[in-house]
Amino acid sequence: MILRHLFSPLNNTRLSHLCGPTDEHLRTIEIALDVRIAHRHEQFKVEGPKAKAQRAMDMLQAMYEIAARPITPATVQLMLSGDGSAEGADGPSLATRRADLKPRTQNQALYLDNIAEFDITFGIGPAGTGKTYLAVAAAVDALQRSAVQRIVLTRPAVEAGERLGFLPGDLNQKVDPYLRPLYDALYDLMGYDQVHKAFERQQLEIAPLAFMRGRTLNNAFVILDEAQNTTPEQMKMFLTRVGFGTKTVITGDLTQIDLPKAQMSGLVEAERILRRTPGIAITRLTSLDIVRHPLVARIVDAYDAARLEDLPRITPALAIPEPEADLPRVGLPKTRAPKSAIAKAR
């Protein structure tokens, strides 16, 4: 299918921003949507399958509307990961340092709505869907509005398929590598100085999951990240830490479980047990909600397809292994007792 559009009135600045340096933005759209885009001045032509060509044309028109200023490659990729609109999906506005922060897809908007409405929310989906980032943004917003008194971020200290061995330094230096993604999100949403001031006022706390036992968290916004690497016992322990006035978000990716294969994931069990429990929301995100480079969505889809085709080889540790089948006993050769033992028996 071939679609044509004439951008009028002619504005060379907008056209330049729309195309990007050396037509970089057009090439990005072509690769992502498998279409061909040609243009001569303000006349554009899109050729490809009907649905993809229409989406590419809609995206070009949406980009032209915001082309008064240069369009960054990140903006193009975010629009490709959404519905082609520069506005994103409707969702709650969050008070963070990022004025442009908004849900990019309908599932992300639903995720934020669930966080606002329910005391406990699960966000389950592949990498790049904004599970952790949006949860931290909602926590920062709640702290800024004084809806909570502090933010508690935690994750299990599980190595991703590697054996790091002994880590030098004090306790904070030992656990910091595991918690670095949470720090990165906080620095982006609050700023470096504000984060350290919040730590000094004890409004922010980042700790390994093992340190949560025995605590009751009141008037706090608590986030458990990488929950797929919890054991069922750890997950139950964490969920029972919730106190009065506390909002809890649990995030995880069921395709990236780093537990031993014989160990069941606490996130898998919690989703199965709590899916119909009142007051708890479970939001499922998919590859369509990925807001990173378009290749990330393709990588996730490719791995999912391979997992379905070859389950025995790459199935993650999602369940307790079946008990070993009873094997026939193999008779052992009889051994003769020592003569001394026989003599004593007589």
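Whatever comes next refers back to the structure up there.
Quantities reported herein were computed from a predicted structural model and do not represent experimental measurements. (Residues numbered from 1 in each chain as written. Predicted model: local features only at pLDDT ≥ 70, side-chain atom pairs only at ≥ 80, totals over all residues. Heavy atoms only, no water.)

### What about the packing of helix H1 (residues 12-19) against helix H3 (residues 50-65)?
Just so we agree on the cut-off: Simply put, an axis is a line fit to the C-alpha atoms, just over the touching stretch for a helix, and the angle between two N-to-C directions goes from 0 to 180 degrees. To qualify as a helix, a DSSP run of H or I must reach at least 4 residues; to qualify as a strand, a run of E must reach at least 2; elements of each kind are numbered from the N terminus. Should an angle fall under 35 degrees it is called roughly parallel, over 145 degrees roughly antiparallel, and 65 to 115 degrees roughly perpendicular, with every other angle called oblique. The hand of a helix crossing depends on one turn: near helix anticlockwise from the far one by less than a right angle means left-handed, and clockwise means right-handed. Here, residues are in contact when the closest pair of their heavy atoms is within 4.5 Å. Amino acids are sorted into nonpolar (Ala, Val, Leu, Ile, Met, Phe, Trp, Tyr, Cys and Pro), charged (Asp, Glu, Lys and Arg) and polar (every other residue, Gly among them).
Between H1 and H3, the least distance of the axes is 9 Å, while the angle of their chain directions is 125°. Considering their axes alone, H1 and H3 lie oblique with respect to each other. Seen along the crossing, H1 lies across H3 with a hand that is right-handed. Counting all contacts with H1, which are made through Arg14, Leu15 and Leu18, the residues of H3 involved are Leu60, Met63, Tyr64 and Glu65. In terms of residue class, the contact of H1 with H3 is built from five nonpolar, no polar and two charged.

### Overview of the nonpolar core
Proteins that are soluble and globular tend to have nonpolar side chains buried together. Heads up, the rule is: Nine residue types can take part in a nonpolar core, namely buried Ala, Val, Leu, Ile, Met, Phe, Trp, Tyr and Cys, and a core is a set of them joined through side-chain atoms within 4.5 Å. Here's how the labels work: a residue is buried when its accessible area is under 20% of the maximum for its type, exposed when over 50%, partly exposed in between, all with a 1.4 Å probe on protein chains only.
Counting residues in each nonpolar core, the largest one holds 32 residues, and the members touching the most others are Leu186, Phe221 and Ile223. Listed by contribution, the elements that provide at least two residues to this core are helix H5 (106-117), helix H6 (131-144), strand S5 (150-155), helix H7 (171-190), helix H8 (192-200), strand S6 (204-208) and strand S7 (220-224). Sorting elements by how many residues they give to this core places H6 first, with nine residues. Not counting residues up to four positions away in its chain, the partners in contact with Leu186 are Val136, Val140, Leu153, Gly191, Val195, Leu204 and Ile206. Ranked by size, the runner-up nonpolar core spans 26 residues in total, among them Ile124, Ala227, Phe238 and Ile257.

### Some words on helix H10 (residues 266-274)
A turn of α-helix holds 3.6 residues, and therefore any two residues three or four places apart point the same way. Short version of the rule: N or O atoms within 3.5 Å of each other form a polar contact, as long as, within protein, one can give a hydrogen and the other can take it, and as long as residues adjacent in sequence are counted only when both atoms are side-chain atoms.
Residues of H10 that are buried include every one of Gly266, Leu267, Val268, Ala270, Glu271 and Leu274, and no others. For H10, the elements touching its buried residues are strand S4 (120-124), helix H9 (232-239), strand S8 (247-252) and strand S9 (280-284). Its side-chain oxygen placed 3.2 Å from the backbone nitrogen of Leu267, Ser265 serves as the N-cap of H10.

### Observations regarding the sheet that holds S8
Put simply, the test is: The pairing criterion for strands is at least two bridges between them, as found by DSSP.
Pairing within the open sheet is parallel, and its six strands lie in the order S6-S5-S7-S8-S4-S9. On the outer flanks of this sheet lie S6 and S9, each paired with one strand and no other. Across this sheet, the average inter-strand angle for adjacent strands is 15°, counted without regard to direction. Here S4 pairs with S9 via five bridges, running parallel. Directly across from Gly123, in S9, lies its bridge partner Thr283.

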